[in-house]
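# Fold and contact review
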Amino acid sequence: MVKILITDGIHEDAIKILSKVGNVEIAMDLTPEELKEKIKDVDVIVIRSGTKLTRDVLKNAKKLKIIARAGVGVDNVDLQYATELGIIVVNSPDASSISVAELTMGLMLSAARNIPQATASLKRGVWDRKSFKGLELYGKTLGVIGLGRIGQQVVERAKSFGMNIVGYDPYIPEDVANSLGVKLMDINELCKISDFITLHVPLTPKTKYIIGKDQISLMKKNATIVNCARGGLIDEKALYEALKNKKIRSAALDVFEEEPPKDNPLLTLDNVIGTPHQGASTAEAQKSAGTIVAEQVVKILRGESAENVVNLPMVPSEKMGKIKPYMILAEKMGLMTIQLLDKSIEKIELIYAGEIAKEDTELIKRSFLMGMLSPILLAGVNLINAPTVAKNRNIRIVEGTISESEYGNALKVIAKGKSEKVSIIGSIVEGRPVIREINKYSVDIRPEGIICIIKHIDRPGMVGKVGLLLGEYGINIAGMQVGRMEPGGESIMVLNVDHVIPEDVLYKLKKLDNIKDAKVINL
Ligand code: NAD
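Now for a description of the structure that goes with this document.

What counts as what
- Residues numbered from 1 in each chain as written.
- Predicted model: local features only at pLDDT ≥ 70, side-chain atom pairs only at ≥ 80, totals over all residues.
- Heavy atoms only, no water.
- Salt bridge = Lys/Arg side-chain N within 4 Å of Asp/Glu carboxyl O.
- Helix = DSSP H or I, 4+ residues; strand = E, 2+ residues; numbered from the N terminus.
- 1 Å grid on protein atoms, 1.4 Å probe; cavity = no way out; pocket = protein on both sides within 12 Å on 5 of 7 lines; lining within 4 Å.
- Points joined across faces, edges and corners; volume = space filled by probe spheres on them.
- Nonpolar A, V, L, I, M, F, W, Y, C, P; charged D, E, K, R; others polar.
- Axes fitted to C-alpha atoms, helices over the stretch in contact; angles between N-to-C directions.
- Parallel < 35°, antiparallel > 145°, perpendicular 65-115°, else oblique.
- Left-handed = near helix turned anticlockwise from the far one by under 90°.
- Contact = heavy atoms within 4.5 Å.
- Pairing = 2+ DSSP bridges.
- Buried < 20%, exposed > 50% of the residue type's maximum accessible area, 1.4 Å probe, protein only.

### Section: the pattern of salt bridges
This model, assessed by the stated rule, comprises 24 salt bridges. For Lys 40, the salt bridge goes to Glu 37, with nearest N and O atoms at 3.2 Å. One salt bridge connects Asp 195 with Lys 220, and the closest N-O pair in it is separated by 2.9 Å. A residue pair is termed long-range when its members are at least 10 positions apart, and Asp 195 in the loop between α9 (187–193) and β9 (196–199) and Lys 220 in the loop between α10 (213–218) and β10 (224–227) qualify at 25 residues. By sharing partners, the salt bridges in this structure join Glu 362, Lys 365, Arg 366 and Glu 399 into a single network.

Here's what the structure looks like:
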């Protein structure tokens, strides 16, 4: 029988499932040394976030076939090394969506009716029926920012309260929003018209402070903000000022910029209620996190395919050798595509040129989709599920091959949104990915680090103006090139920069004469 080691607290139902297929040993709170010893002869290890499976630990895992992570994040596992060792890693990304959605509704109702404040007053022995007059949810407008797994569950629940629902999620197709009964709009419009605003986006460089001073200043006086996603999505200083000065009505927070919060002034305000990051903390979420991964383990042990595999260890190495550089290129091109288009994508065309067109391109396509989807989704987009995730988002994928291209072996992608289009050509030069064309402009970019792409009219002095502005803000330009179709026409400038360009500097850049647009891309 296979040996299964459980090193973190897992629901008993999951243990029952695993006990049917193997000998289960539970050993918690192991030191790294003890873990290295225990892992030597096990076939499966089941963990939550408490166990760190580093390279150093995994080196000792001579028989290990499966790492099962009950929950979403796999940052406590050295994925690359596990993949090299041929170990399958599974997780359970969907397990907590309903729990988080229900807490969101709970916080929304609690804020609307001042339930925590009234409870505290009652327990102090006060019978005060005047101070806690609340609001109904019925008939109010709910603005949902992020319409992924949790956002959609919140929409379903809010509908039953008779709320009108509007949403902001530039990456969700309009027909998906329509079928949910959500009217899509831009974030500022949403902030203006919503009575309740709830956040369900991952924390990324793009979503950091997605609710900042400017958005808060647009909100209604009776607006309530609910955040059950991540601290860092809201500028807490701006939120504090607005709540203290009653510019908005209230806030209900499960997450904070610093956790646990230390002297957070928000927690001194009467119109703030909160919970200590309790979104996924229910018996059911914990049970399903465990049972989902246990079922995945059973499937893999039976030789069946599992849905939540996070890595792809089964590719033969001869095949990997040829296509690996193109997988890296494709992933980078996916990252560039979503950041350049920055809208919902309806169709992707992938064209493989030259020798690479003769290979099995499935993994190249999957790498592209993984790169394109991972900046906008919380977790779990991988080589296995990327095509399914794209399909669920109604993205059509068309593939083609051509025997030759001016760049030799190359990959071309054309991504179409509702009204805009992005095209990129990339190839491999000296074993490394290079971007050769962006929207038909010839360039020669290593897709690494932070890149700023500026669309402008070709006029003398443009490079100087841009350099001067960035220099003023201490942003160093490490490399620069210009691509143009004809002298004096529309051109692009591509800058490799050493630091992130803050939003306000980008705004100033876009306002310079003859600049049409500027985008910062993180690769
Ligand atoms: P998801 O990946 O299913 O959905 C995220 C959605 O955000 C996607 O639809 C995506 O298109 C959208 N999005 C991405 N970037 C955006 C942007 N710049 N503007 C607007 N929309 C954007 O994620 P999920 O499972 O629904 O999780 C949502 C959030 O909930 C995450 O931040 C996650 O960390 C958090 N979460 C919190 C708890 C908790 O304990 N409070 C538990 C689980 C998840």
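### Here we look at empty space enclosed by the protein
Taken as a whole and judged by the stated rule, the model has 2 cavities of 30 Å³ or more. The computed volume of the largest cavity comes to approximately 60 Å³. Along the walls of the largest cavity sit Tyr 171, Ile 338, Lys 343, Ser 344, Ile 345, Met 372, Leu 373, Ile 376, Arg 393 and Ile 395, which together make up its complete lining. In the lining of the largest cavity, the residues fall into 7 nonpolar, 1 polar and 2 charged. Taken as a whole, the second largest cavity holds about 40 Å³ of empty space. Contributing to the lining of the second largest cavity are Asn 227, Gly 231, Gly 232, Ile 234, Glu 236, Leu 239, Leu 253, Val 255, Phe 256 and Glu 257. Per-class residue counts for the lining of the second largest cavity are 5 nonpolar, 3 polar and 2 charged.

### Let's talk about the packing of helix α5 (residues 97–113) against helix α7 (residues 149–160)
It is the contact of α5 with α7, at a shortest axis distance of 8 Å, that shows an interaxial angle of 50°. The angle between the axes of α5 and α7 places the two elements in the oblique class. Like other packed secondary-structure pairs, α5 and α7 cross with a definite hand, here right-handed. Across the interface between the two elements, Ser 97, Ile 98, Val 100, Ala 101, Glu 102, Thr 104 and Met 105 from α5 touch Arg 149, Ile 150, Gln 153, Val 154, Arg 157 and Ala 158 from α7.

### Looking at the sheet that holds strand β3 (residues 44–47)
Ordered by their spatial adjacency, 5 strands build an open sheet running β2-β1-β3-β4-β5, and the pairing between neighbours is parallel. Only two strands of the sheet have a single neighbouring strand rather than two, namely β2 (22–26) and β5 (88–91). Looking at each pair of strands side by side, their axes are set apart by 20° on average, direction ignored. As paired strands, strand β1 (residues 2–6) and β2 are joined by 5 bridges and run parallel to one another. Among the inter-strand pairings, Ile 6 is bridged to a residue of β2, identified as Ile 26. Across the sheet, helix α1 (residues 12–19) lies against β1, β2 and β3, angled at about 145° from β2, the strand it touches most.

### Points about the pairing of strand β18 (residues 441–445)
Side-chain alternation along β18 places Tyr 441, Val 443 and Ile 445 on a buried face and Ser 442 and Asp 444 on a face that remains uncovered. Pairing of strand β17 (residues 432–438) with β18, which is carried by 3 bridges, proceeds in the antiparallel orientation. If you follow Ile 438 over to β18, its bridge partner there is Tyr 441.

### A closer look at the pairing of strand β15 (residues 410–416)
Within a regular strand, the side chains alternate between the two sheet faces. With 5 of 7 residues buried, β15 lies mostly within the body of the structure. The pairing of β15 with strand β16 (residues 421–429) spans 7 bridges and is antiparallel. Note that in β16 the partner of Ala 415 across the bridge is Val 422. With antiparallel pairing between neighbouring strands as the criterion, β15 and β16 make up a hairpin whose turn holds 4 residues.

### As for the environment of Ile 145
Mapped onto the elements, Ile 145 comes out in strand β6 (residues 141–145). Each C-alpha atom, one on Ile 145 and one on Asp 169, is 6.2 Å from the other, the two residues being 24 residues apart in sequence. Excluding residues within four positions of it along the chain, Ile 145 makes contact with Tyr 168, Ile 187, Leu 190, Ile 197, Thr 198, Leu 199, His 200, Val 201, Ile 210 and Ile 211.

### Thoughts on the packing of α1 against helix α12 (residues 283–301)
α12 packs onto α1 with a crossing angle of 10° between their chain directions and a minimal axis gap of 7 Å. Overall, the two elements α1 and α12 adopt an arrangement that is roughly parallel. In this structure, α1 contributes Asp 13, Ala 14, Ile 17 and Leu 18 to the contact, and α12 contributes Lys 287, Gly 290, Thr 291, Ala 294, Glu 295, Val 297 and Val 298.

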